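# Reading the structure
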Amino acid sequence: MSNQVRVIDSLSKTVLFETTMDKISDAYSFATQMEEAGLDIEVVAPSLAETLITSLGANEKDVDQLKQSMQEEIDDHDESDFGCAVCVAPGPHQ
């Protein structure tokens, strides 16, 4: 698991640009330029949860399991009749 930010061509999956998290704005600037040039691109950056478990010693298998679990949770919300409407946090008086 890498903490690198990558700009990837969506069709060929070629990495067009790679940088560190502290220079993520450079990746987005590059991505904007590529989109203006007509490419379909993706910016791939590790989530906060991925960065945390990696810093705590997780291996690639652990990170993959985390990603799968997070995707299943998102899919579960998408498939429910209420979406995230039932997940709204209670206000201060509730």
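My aim in this report is to walk through the structure given alongside it, one point at a time.

Calculation criteria
- Residues numbered from 1 in each chain as written.
- Predicted model: local features only at pLDDT ≥ 70, side-chain atom pairs only at ≥ 80, totals over all residues.
- Heavy atoms only, no water.
- Helix = DSSP H or I, 4+ residues; strand = E, 2+ residues; numbered from the N terminus.
- Buried < 20%, exposed > 50% of the residue type's maximum accessible area, 1.4 Å probe, protein only.
- Areas by Shrake-Rupley, 256 points an atom, 1.4 Å probe, with all protein chains shown as cover.
- Phe/Tyr/Trp six-rings, centres within 6.5 Å; stacked < 30°, edge-to-face > 60°.
- Patch = residues over 30% accessible without salt bridge, like charges linked within 9 Å, V, L, I, M, F, W, Y side chains within 5 Å.
- Salt bridge = Lys/Arg side-chain N within 4 Å of Asp/Glu carboxyl O.
- Lys, Arg positive; Asp, Glu negative; His and termini not counted.
- Charge placed at Lys NZ, Arg CZ, Asp CG, Glu CD.
- Expected span 1.5 Å × (residues − 1).
- Arc of directions from axis to C-beta.
- Contact = heavy atoms within 4.5 Å.

### As for the overall build of the protein
A count of helical and extended segments in the protein gives 3 helices and 3 strands. Counting over 94 residues, the protein shows a buried share of 17%. By element, 53% of the accessible surface of the protein is carried by carbon and sulfur atoms, the whole surface being about 7,000 Å².

### Things to note about the packing of aromatic side chains
For the structure on display, the rule yields 1 aromatic pair. On the numbers, 4.9 Å between centres and 20 degrees between planes, the contact of Phe17 with Phe30 is stacked. On the criterion of sequence distance, the pair formed by Phe17 in strand E2 (residues 15-20) and Phe30 in helix H1 (residues 24-36) is long-range, its members being 13 residues apart. By relative accessible area, Phe30 is classed as buried at 18%.

### Details of a negative patch on the surface
A cluster of like negative charges, contributed by Glu72, Glu73, Asp75 and Asp76, occupies part of the molecular surface. Here Glu73 is to be found in helix H3 (residues 60-79). Residue class for Glu73 comes out partly exposed when judged on its relative accessible area of 46%.

### Some details on H1
In this model, H1 (13 residues) spans 19 Å end to end at C-alpha, consistent with the 18 Å of a helix rising 1.5 Å per residue. Every buried residue belonging to H1 is among Ala27, Phe30, Ala31 and Met34, and all of these are buried. An end-on view of H1 places all buried positions within 105 degrees of arc, on one side of the element. As for H1, its buried residues are in contact with strand E1 (4-9), E2 and strand E3 (41-44).

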